[in-house]
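Notes for the structure review
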Amino acid sequence: MADRSLGWVQNPSNTRTLQNVVSLLCPESKFADTYLNFRIPLIRKLGKLHDEDIWNDYISLLESGKRIPYAYLKGQGSDTESRTNALCSGIVQAAIDAQKEFPIVDLNGELTDIKKPYTDDWTSDGFIRWAIALGFIDYDAVSDTCGLTADGKQFIDAHSEQSFKEALGKAYLKYPPACRILELLSTGEHLTKFELGRRLGFTTEAGFTSFPQNIFVQAMVEYPTERKTIRSNSEGSSDKYARMICRWLRELGWVKCSRKEVVERAGSTVYSYKLQGYTITAKGLRAYRESKGMSSHKRVSKIVYYEMLATKCADKHFVRLRRANILQFIETRQRTLEQIAQHLTSKGIETDIPTIREDLAGLANIGLSVQLDDNGALLKDKIENLVIPSGSALPVKSEPLQIKEKVRLRINALNPKYLALIDLAFNGSANREFEIITIDLFTNELDFNGRHLGGARKPDSIVHDSSAGLIIDNKAYSTGYSMPISQVDEMVRYIQENTERTSLVNKNEWWNHFPETIIKFYFAFISSRFQGQTNSKLEGIMNRTGIKGACIDCENLLYIAEAMKRGVLSHDDFWQMFRNREVQNIEAVL
């Protein structure tokens with residue numbers, strides 16, 4: 001069974017290109033004719049077709065009415081060429097012009113520039129996933145193939161502007177995340193992508209992160225010359241989903257976009273900045289009510305693929321399996337949480353009530369109508385396309401998932417969104433997100449001042465209160481962090497720069513973000529878990545700098561946060577933990 005990422009779309013936005021992509025599965029469509037008789041011959045003439053057999057197979061499958069392999073549609077990247085220079089290797093790649101111009105020799109022998117008549121595999125994959133999410137293309141995970149749906153045929157045949165928008169509107173109402181955005185805006189609020197993103201999706205896990213709006217506003221105000229870079233680097237996955245969905249809905253006149261004045265507090269300072277925000281229109285509100293079955297409308301069924309129930313979290317297959325079984329169990333009647341737990345146990349899925357509550361909240365956040373009250377949970381929507389894989393062994397829980405389940409049982413005062421720290425800490429490609437959520441935790445939950453720094457020759461973050469300051473180095477490692485000597489030396493350099501405080505040692509003068517009144521400092525490494533002689537390395541840093549530090553793994557960091565939220569630990573207690581040792585066994589105070 002193939003493992004595809006389906007149901008969540010961040011980048012495609014051109015609906016006419018989407019229509020062309022869907023048309024590739026219909027042999028009698030106008031675009032399919034243009035594609036086969038013009039686009040493919042042009043790419044062939046340019047010598048840019050990767051494998052002629054793919055197109056021969058595609059034509060044969062298309063003419064016989066058979067399903068098309070996903071891999072044929074998407075194509076592949078190149079190990080030897082950049083995306084710009086890679087050959088065209090996928091059916092959908094050849095349907096989309098690239099953004100950049102492409103030099104060719106025309107019939108007169110002159111060198112000229114045209115739009116490159118094909119795109120890369122990453123872009124083509126985005127359009128395929130978009131078409132599947134909206135129900136225009138049907139995907140079968142067992143055979144890893146795609147076929148045209150009745151809604152897709154209607155979309156292809158929508159030639160007038162009105163019929164085109166009607167086909168899109170019908171599809172958006174079947175797409176849960178679009179309904180979630182309409183739901184959040186239906187109160188009449190003017191919301192930014194960050195305010196939407198933090199309430200969209202499974203917010204307690206990697207794959208559905210939202211950049212803290214107050215940290216973004218702080219950065220935009222304090223670093224005016226870096227605003228372009230800040231905008232491009234300060235967006236969580238859910239923020240991107242929210243922004244893109246709003247863009248789709250704006251095309252239908254369901255959502256409007258305008259600037260709003262945002263006032264945010266970061267630590268003890270208040271910042272003001274204008275951000276782009278979204279509001280719902282009267283047409284959008286009518287569409288939302290229609291999706292819910294209000295005003296004599298029939299409730300619109302929702303497309304939910306198994307693959308959309310988890311994306312980047314630890315053990316996504318196990319989590320998908322758990323959530324899919326919950327959905328199917330509560331679709332026909334209301335079930336108590338205990339009944340849900342028993343049902344999961346019967347399927348070999350051992351879990352607990354807090355996890356089930358979290359899953360139900362997440363299912364509501366992706367746009368499904370989940371009713372949860374004292375009597376239990378009920379799914380009011382009818383769902384389509386949810387197929388639970390059969391015949392495969394239940395995945396074994398990984399270390400990150402086991403830690404997450406353990407921590408979840410011990411926190412109740414702390415916002416559960418910070419459980420995502422565990423996924424991020426064990427994901428070696430999520431360093432920046434790990435840094436952002438860490439500073440978010442300190443400043444927005446634990447009453448520290450501070451900021452994310454990052455970038456060259458700067459610590460990842462700094463935090464402080466009235467008595468002390470902390471230099472933080474986040475390290476996301478899937479197998480644990482051993483503090484290599486090069487990174488020990490890097491921390492020593494940061495500490496020395498903060499002590500000397502002169503532009504001669506570092507022109508960016510990052511230490512100026514500490515108040516001048518603070519004279520006591522500590523350092524911390526924060527990671528998934530630690531291995532090797534970490535305590536001796538911490539001692540070595542102190543011997544070289546005179547500053548004490550600590551190692552804190554993600555599990556104990558969350559226990560510290562929970563204890564501080566409950567009032568069991570104070571800021572003074574926190575500073576006492578810096579004894580050149582790894583911080584351990586904090587759960588004992590809970």
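Residues numbered from 1 in each chain as written. Predicted model: local features only at pLDDT ≥ 70, side-chain atom pairs only at ≥ 80, totals over all residues. Heavy atoms only, no water.

1. A closer look at the sheet that holds strand β8 (residues 269-280)
Condition: Pairs of strands are assigned from DSSP output, requiring at least two bridges between the strands. The helix count covers DSSP runs of H or I at least four residues long, the strand count covers runs of E at least two residues long, and both are numbered beginning at the N terminus. By the convention used here, residues are in contact when the closest approach between their heavy atoms is within 4.5 Å. Helix axes use the C-alpha atoms of the stretch in contact, all axes being lines fitted to C-alpha atoms, and the angles between their N-to-C directions lie in the range 0 to 180 degrees.
Strand order in this open sheet of three strands is β6-β8-β7, and the pairing throughout is antiparallel. Two strands lie at the open edges of the sheet, namely β6 (191-192) and β7 (255-266), each paired on one side alone. With 12 bridges joining them, β7 and β8 adopt antiparallel strand pairing. Bridge pairing links Val-262 to Tyr-273 in β8. The strands touched by helix α8 (residues 176-185) within the sheet are β6, β7 and β8, with β8 carrying the most contacts at an inclination of about 115°. Across the face of the sheet, helix α12 (residues 237-251) comes into contact with β7 and β8 while running at roughly 150° to β7.

2. A closer look at the pattern of salt bridges
We apply this condition: The salt bridge criterion pairs a side-chain nitrogen of Lys or Arg with a carboxyl oxygen of Asp or Glu, the two atoms within 4 Å.
Applying the stated rule across the entire model yields 38 salt bridges. Between Glu-562 and Arg-566 there is a salt bridge, with the nearest N and O atoms lying 2.7 Å from each other. Residue Glu-562 and its partner Arg-566 are both found in helix α22 (residues 554-566); the two are separated by four residues, about one turn of the helix. Several salt bridges converge on common partners, so that one network encompasses Asp-151, Lys-170, Lys-174 and Glu-384.

3. Looking at unusual backbone geometry
Selection rule: Buried residues are those whose accessible area, probed at 1.4 Å on protein chains only, stays under 20% of the maximum for their type, while exposed residues exceed 50% and partly exposed ones sit between those limits.
Non-glycine residue Asp-144 carries a positive phi angle of around 55°. Tracing the sequence through the fold places Asp-144 in the loop between β4 (137-140) and β5 (145-148). Even without being a glycine, Glu-509 presents a positive backbone phi close to 50°. The topology assignment puts Glu-509 in the loop between α20 (485-500) and β16 (521-527). Of the residues examined, Glu-509 reaches a relative accessible area of 30% and is grouped as partly exposed.

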